[in-house]
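Secondary and tertiary structure notes
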Amino acid sequence: MKQEERRTLENTVFQLLNVLREQSHGKYVAGCERYKRQVEAACEAEREYLDLDLAEGQREVIEHLLQSRSDAEDCELTLTYVAGLLDSLMFLRSAGFLDLYVEDEEKESA
């Protein structure tokens, strides 16, 4: 597979799984009490931040920092979601649950 094709495929898979992760968030995370408390604490911290007497340049630097961190965390969450899916598939395969659908490469080439 060419490098450009691989990059396109990885980008496509990443985007699709990012959407699935976001949908799962609504089902499994948003209602969690611990998560709600952490969001409330973050909102309070944001109110405190907005009340600070900062110069516009300082505020832009801080907001860029926060956005960069948020983007990195979103990427990490999606990669963790991908890892969880891959671990699940490997577990199912090693337990023999996918034998009807998947063959080992060694068996195919023999």
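Residues numbered from 1 in each chain as written. Predicted model: local features only at pLDDT ≥ 70, side-chain atom pairs only at ≥ 80, totals over all residues. Heavy atoms only, no water.

A count of helical and extended segments in the protein chain gives 4 helices and 0 strands. Its helices and strands taken in sequence order, the protein chain reads α-α-α-α from the N to the C terminus. Computed over its C-alpha atoms, the radius of gyration of the protein chain comes to 21 Å, more than 25% above the 13 Å expected for a compact globule of 110 residues. In terms of overall dimensions, the protein chain has C-alpha extents of about 70 × 40 × 15 Å along its principal axes. In the protein chain, buried positions account for 8% of the 110 residues. Counting contacts in the protein chain only where the partners sit at least 6 residues apart, residues at least 24 apart contribute 48% of the total. With an accessible surface of roughly 9700 Å², the protein chain has 56% of that area assigned to carbon and sulfur atoms. On the protein chain, the mean spot of the 13 positive side-chain charges and the mean spot of the 25 negative ones are 3 Å from each other. (Helix = DSSP H or I, 4+ residues; strand = E, 2+ residues; numbered from the N terminus. Rg over C-alpha atoms; globule rule 2.2 N^0.38 Å. Buried < 20%, exposed > 50% of the residue type's maximum accessible area, 1.4 Å probe, protein only. Contact = heavy atoms within 4.5 Å. Areas by Shrake-Rupley, 256 points an atom, 1.4 Å probe, with all protein chains shown as cover. Lys, Arg positive; Asp, Glu negative; His and termini not counted. Charge placed at Lys NZ, Arg CZ, Asp CG, Glu CD.)

It is worth spelling out the pattern of salt bridges at this point. Across all of its chains, the model carries 4 salt bridges by this definition. Arg-6 serves as the salt-bridge partner of Glu-10, at 2.8 Å between the closest nitrogen and oxygen. With a gap of 4 residues between them, Glu-10 and Arg-6 both fall in helix α1 (residues 3-29), about one helical turn apart. Its relative accessible area of 47% is what places Arg-6 among the partly exposed residues. Note that Glu-44 is salt-bridged to Arg-47, the shortest N-O span being 3.0 Å. A residue pair is termed a helical-turn pair when its members lie 3 or 4 positions apart in one helix, as Glu-44 and Arg-47 do in helix α2 (residues 33-51) at 3 residues. Arg-47 sits in the partly exposed class, given a relative accessible area of 45%. (Salt bridge = Lys/Arg side-chain N within 4 Å of Asp/Glu carboxyl O.)

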